[in-house]
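Residues per chain are reported as follows:
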There are 2 protein chains.
Amino acid sequence: MEVQVMQDILGKNDRIAAENQALFADKKIFVLNLMGSPGSGKTTLLERTMAALKDELHMAVIEGDLFTTKDADRIAKYAVPVMQINTSGGCHLDAPMVQEVLSQLVLDRLDLLIVENVGNLVCPAEFNIGEDAKGVVLSITEGDDKPMKYPLVFKESSIVLLNKVDILPYTNFDMAAAREDIHTLHPDVKLVEVSCVQDTGLKDWYDWLRAKVRAKKG
Amino acid sequence: MEVQVMQDILGKNDRIAAENQALFADKKIFVLNLMGSPGSGKTTLLERTMAALKDELHMAVIEGDLFTTKDADRIAKYAVPVMQINTSGGCHLDAPMVQEVLSQLVLDRLDLLIVENVGNLVCPAEFNIGEDAKGVVLSITEGDDKPMKYPLVFKESSIVLLNKVDILPYTNFDMAAAREDIHTLHPDVKLVEVSCVQDTGLKDWYDWLRAKVRAKKG
């Protein structure tokens, strides 16, 4: 019975995700569903990205959190439209939650929408929200064993950002092993090493976003 | 309907948790449900704890992971009984999973059982497994905003281990703010600052475990 209920929930989610996807296709907006553990650096990555690209692309952000508007408050400083979804303890965003806030965003001139999912390496990867691509931020302080322990999010993601490489010397993180595991799980994935606090390695990420936005515009 | 189903699942879980709890009471085993984000350092903490206490206490470990036996393999090196639960993608342990592996552990001489839950700051806190206490490991690399963003796990835990303090100088983590937020959420919580790789601050944690084991023995 639990399996049947899970299928019902996923079935309903997929129907709404398809509606979101159709809307994004109509408006030609590239939508990225950004995932990662708590504290992997998703919001700091978005802060850097807003600062670097907001004069070049029309962007908006949806922030998913269990409680608080801490992340949305950080993004709002960059004068980019930001919507907060509070899941009230829920461990992931789903397509209906995203659909509900989309009605409050002006979509007509938008090029890029980034949805920062709840900090969780497990559940968010199971729910499509109508996005064009998923991405995952893995901070090197989490350890090089994480891709094989949490494979779904790495298989589902088109881009992996290995973050906090500035503190690599103070950890036992094996970069070669991590890269190999990620490529084993997902041979075609785009893999970028970045430090958001030192602003290094981010050009590849920006170029990846630019190319995706261009492709969506057609 | 989803709410009703969630109540059914939690109701069934609580019934089995009560059975586990009765067994632990009968055997006078102190059981800790240890939670934290992926890469917060739970397994490394257990490795240090095995090395320090295994000649003094009869210990066993249950390792919860989505896939792989990577953590159980690490614990097994310490010649402490270890059981692996693989949730096949599930985001938390529940009481029935724990009950199933308990039948394969020799409980009669055990003083302390530590259950390392799935790396996830959200879902594990919602499911009792029959434990005497919950604990959470928060690595300072995750950021000082995490207690307020993930309040349930901090409210539920009797002890909070702030881990990786050795790399505090290379982060922007505000220790005073984190301590204040944790105490706001849970005034009576035990809070310990540790570095598992540098083996510092762990004596308080060992003493807390010793006291809990003694109290359970009665």
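Position numbers for residues count from 1 along each chain, tracking the sequence in the order it is written. Each chain gets a letter, beginning with A, and each ligand a number, beginning with 1, in the order they are written. Note on the predicted model: pLDDT of at least 70 is required for a residue's local features to be given, and 80 or more for side-chain atom pairs to be given and counted; whole-chain, interface and lining totals, by contrast, use all residues.

Some details on the sheet that holds strand β4 (residues 112-116) of chain A
All names here are of chain A. Note the threshold: Paired strands, as defined in this entry, are two strands with at least two bridges between them according to DSSP. Working definition: helices are DSSP H or I runs of at least four residues, strands are E runs of at least two. Numbering for both runs from the N terminus. Interaxial angle, 0 to 180 degrees, is taken between N-to-C directions of lines fitted to C-alpha atoms, where a helix line uses only the stretch in contact. Two residues qualify as a contact pair if the distance between their C-beta atoms, derived from the backbone, is within 7 Å.
Here we have seven strands laid out as an open sheet, ordered β3-β2-β4-β1-β5-β6-β7, and parallel in their pairing. At either margin of the open sheet sits one strand with a lone partner, and together these are β3 (82-86) and β7 (190-193). Pairwise comparison of adjacent strand axes, ignoring direction, gives a mean angle of 20 degrees for this sheet. Relative to β4, strand β1 (residues 30-36) runs parallel, the two being bridged by five bridges. Each bridged residue has a counterpart across the sheet, and for V31 the counterpart in β4 is L113. This element, helix α4 (residues 95-102), spans β2 (59-65), β3 and β4 of the sheet and lies at about 140 degrees to β3.

Thoughts on the sheet that holds strand β1 (residues 30-36) of chain B
All names here are of chain B. One open sheet accounts for seven strands, arranged β3-β2-β4-β1-β5-β6-β7; its pairing is parallel. Because the sheet does not close on itself, it has two edges, and the strands there are β3 (82-86) and β7 (190-193). Each adjacent strand pair in this sheet contributes to an overall mean axis angle of 20 degrees, direction not counted. Relative to strand β4 (residues 112-116), strand β2 (residues 59-65) runs parallel, the two being bridged by five bridges.

Concerning the packing of helix α2 (residues 42-53) of chain B against helix α8 (residues 202-217) of chain B
Residue and element names in this part refer to chain B. What counts is decided by this rule: Angle categories: roughly parallel below 35 degrees, roughly antiparallel above 145, roughly perpendicular from 65 to 115, and oblique for all the rest. By convention, the crossing between two helices is left-handed when the near helix turns anticlockwise from the far helix through less than a right angle, and right-handed when the turn is clockwise. Three classes are used, and their members are as follows: Ala, Val, Leu, Ile, Met, Phe, Trp, Tyr, Cys and Pro are nonpolar, Asp, Glu, Lys and Arg are charged, and the others, Gly among them, are polar.
Axis separation between α2 and α8 bottoms out at 11 Å; the angle between their running directions is 65 degrees. Taken together, the axes of α2 and α8 are roughly perpendicular relative to one another. In the packing of α2 onto α8, the handedness of the crossing is right-handed. Two secondary-structure elements touch here, α2 through R48, A52 and L53 and α8 through L202, Y206 and L209. Each residue belonging to the contact of α2 with α8 can be placed in one class, and the counts come to five nonpolar, no polar and one charged.

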